[in-house]
Amino acid sequence: TPTYEYTYVESSVTESPFFASKVKLSTEGVEKVYDLGTLSDYEKAALKTMMPELLQSVEKGVEFVKNS
């Protein structure tokens, strides 16, 4: 039976290549990454505000892995 979790995964849910999302897990790994659903105006504003910092953090993480 599948398991549903929230986890930080590679996805296209937002403009960031990685984002914490609801996923469906199976014995094969991540089977499906769910979109954000309907966001309130407050949630949309918060997402927009935090995106530059998230993109910068993702870039740093990707560079760290490339250089390791």
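Now for a quick tour of the structure. (Residues numbered from 1 in each chain as written. Predicted model: local features only at pLDDT ≥ 70, side-chain atom pairs only at ≥ 80, totals over all residues. Heavy atoms only, no water.)

A look at the pairing of strand β3 (residues 29–33)
1) Next: As paired elements, strand β2 (residues 18–26) and β3 share four bridges and run antiparallel to each other. In the strand pairing of β3, S26 is matched with G29.
2) Next: Hairpin connection between β2 and β3: a loop of two residues separates the two successive antiparallel strands. (Pairing = 2+ DSSP bridges. Helix = DSSP H or I, 4+ residues; strand = E, 2+ residues; numbered from the N terminus.)

Some remarks on helix α1 (residues 41–66)
1) Next: For α1, spanning 26 residues, the distance from its first C-alpha to its last is 37 Å, which sits close to the expected 38 Å at 1.5 Å a residue.
2) Next: The sharpest bend along α1 reaches about 40° and sits at M51, with the proline P52 one to four residues further on.
3) Next: Turning to α1, its buried residues are M51, L54 and V58.
4) Next: Its buried side turned inward, α1 meets β1 (3–10) and β2. (Expected span 1.5 Å × (residues − 1). Bend = angle between axes of the 7 residues up to and from the residue. Buried < 20%, exposed > 50% of the residue type's maximum accessible area, 1.4 Å probe, protein only. Contact = heavy atoms within 4.5 Å.)

Some remarks on the environment of L36
1) Next: Looking at where L36 falls in the secondary structure, it is placed in the loop between β3 and α1.
2) Next: Placed 17 residues apart in sequence, L36 and F19 show a C-alpha to C-alpha distance of 10 Å.
3) Next: Beyond its immediate sequence surroundings of up to four residues, L36 is in contact with V13, T14, F19 and L47.

Concerning the pairing of β2
Note on strand geometry: in a regular strand, side chains alternate between the two faces of the sheet.
1) Next: In terms of strand pairing, β1 meets β2 through eight bridges, oriented antiparallel. Bridge pairing in β2 links T3 to L25.

Description of the packing of aromatic side chains
1) Next: Here the structure, examined in full by the defined rule, presents two aromatic pairs.
2) Next: Summarising the aromatic geometry, the rings of Y4 and Y34 are spaced 6.3 Å apart at their centres and angled 50° between planes, so their arrangement reads as tilted. With Y4 in strand β1 and Y34 in the loop between β3 and α1, this residue pair connects regions lying 30 residues apart in the sequence.
3) Next: Taking the relative accessible area as the measure of exposure, Y4 reaches 42% and is therefore partly exposed.
4) Next: By relative accessible area, which is 22% here, Y34 ends up partly exposed.
5) Next: In this structure, K22 is placed above the aromatic ring of Y34, and the distance from its NZ or CZ to the ring centre is 5.2 Å. (Phe/Tyr/Trp six-rings, centres within 6.5 Å; stacked < 30°, edge-to-face > 60°. Lys NZ or Arg CZ within 6 Å of the ring centre and 35° of its normal.)

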